[in-house]
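# An overview of the molecular structure
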Amino acid sequence: MPELTAADLETFTGGRLPDGEDTQALLDSVLAAVRRHCGWCVSPVMTEVVTMDGLGGHRLSLPTMHLLSVDSIVDDGETLESADLRFSRLGSVEKRSGAPWSRGLGSITATFTHGFTEVEAADWRRAVLSSADL
């Protein structure tokens, strides 16, 4: 699914905001603000690599609310593949071994796919376009 574009905003506004660099820059700034507020990308579906602090404990919380897959997690130098992990759609991940996550700043790097499709995120996309049209 594609990212929202200036052409989407032009269509949404009936041409008041024409497709172009200025309109795309406006839309990009609104997307950045909305994603910063949400704490994750929301839409489109994407694969990301995120480095985070290890807090110990048995559950790791990835920055997402719609986790589709976990490719791998490197925990303090130890690579864990998808088969080594259990995860929930809301972003919680546990090691199948039951071992805790490491403790340390920047000690965990996760590669995962998350987000909503264009259809699933129709309301979110409309809210972003509405915010850009203010």
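This text follows the structure it describes.
So, how was this worked out
Every chain is numbered on its own, with residues counted from 1 as its sequence reads. With the structure being a predicted model, the display of local features is reserved for residues of pLDDT at least 70 and the display and counting of side-chain atom pairs for 80 or more, all residues being used for whole-chain, interface and lining totals. Heavy atoms from the whole structure form the basis of all side-chain values; hydrogens and water molecules are not counted. In this description, strands pair whenever DSSP reports at least two bridges between them. Note on conventions: DSSP H or I runs of at least 4 residues are helices, E runs of at least 2 residues are strands, and numbering of each starts at the N terminus. Angles shown run from 0 to 180 degrees and are taken between the N-to-C directions of axes, each axis being a line fitted to C-alpha atoms and, for helices, limited to the stretch in contact. Reported orientations rely on four angle classes, namely roughly parallel under 35 degrees, roughly antiparallel over 145, roughly perpendicular from 65 to 115, and oblique for the rest. Should the near helix be turned counterclockwise from the far one by less than a right angle, the crossing is left-handed, whereas a clockwise turn marks it as right-handed. Note on contacts: a residue pair qualifies if any of its non-hydrogen atoms lie within 4.5 Å across the two residues. Nonpolar residues are Ala, Val, Leu, Ile, Met, Phe, Trp, Tyr, Cys and Pro. Charged residues are Asp, Glu, Lys and Arg, and all others, Gly as well, are polar. With a 1.4 Å probe rolled over the protein chains alone, any residue whose accessible area is under 20% of its type maximum counts as buried; one over 50% counts as exposed, and the rest are partly exposed. Here a helix's expected span is defined as the number of its residues, less one, multiplied by 1.5 Å. In this description, one arc is meant: the one made by directions from the helix axis to the C-beta atoms.

What follows deals with the sheet that holds strand β7 (residues 103-114). Pairing within the open sheet is antiparallel, and its four strands lie in the order β1-β7-β3-β4. Pairing within the sheet leaves two strands with one partner each, and these edge strands are β1 (46-55) and β4 (78-81). Averaged over all pairs of adjacent strands, the angle between strand axes in this sheet comes to 25°, irrespective of strand direction. Here β1 pairs with β7 via nine bridges, running antiparallel. By the bridge assignment for β7, V49 is matched with T111.

This next bit is on the sheet that holds strand β6 (residues 92-95). Within the open sheet, the three strands sit side by side as β2-β6-β5. Their pairing is antiparallel. The open sheet terminates on both sides in strands that have one partner only, identified here as β2 (60-61) and β5 (85-87). Relative to β6, β5 runs antiparallel, the two sharing three bridges. Note on β6: the bridge partner recorded for L85 is K95.

Where helix α2 (residues 21-38) meets helix α3 (residues 122-132), the closest approach of the two axes is 9 Å, and the angle between their N-to-C directions is 125°. Classified by the interaxial angle, the pair formed by α2 and α3 is oblique. The interaxial crossing formed by α2 with α3 has right-handed handedness. Across from L26, L27, V30, L31, V34, R35 and C38 in α2, the residues of α3 making contact are W124, V128, L129, S131 and A132. When the residues that make up the contact of α2 with α3 are grouped by side-chain class, the tally is ten nonpolar, one polar and one charged.

Moving on, we come to the pairing of strand β3 (residues 67-75). Across seven bridges, the pairing between β3 and β7 is antiparallel. Each residue of the ladder has a partner; that of L67, found in β7, is H114. The loop that links β3 with its antiparallel partner β4 comprises two residues; one of these, D76, has a positive phi angle of about 50°.

The linkage connecting S43 with the following residue, P44, adopts the cis geometry, with an omega of 5°. By the element assignment, P44 lies in the loop between α2 and β1. At V42, a residue that is not glycine, the phi angle is positive and equals roughly 70°. With a relative accessible area of 6%, V42 lands in the buried category. The phi angle at D76 is positive, at roughly 50°, despite the residue not being glycine. Within the secondary structure, D76 is located in the loop between β3 and β4.

Moving on, we come to α2. Its 18 residues place the ends of α2 25 Å apart at the C-alpha level, agreeing with the 26 Å of an ideal helix rising 1.5 Å per residue. If you check which residues of α2 are buried, you get T23, L27, V30, L31 and R35. For α2, the arc enclosing every buried residue in end-on projection is 130°, short of the 170-degree limit, so these residues lie on one face. Exposed and facing more than 90 degrees away from the buried side of α2 are E21, D22, R36 and H37. Those residues of α2 that are buried are in contact with α1 (6-12) and α3. Downstream of α2 by one or two residues, G39 has phi in the positive range, about 90°.

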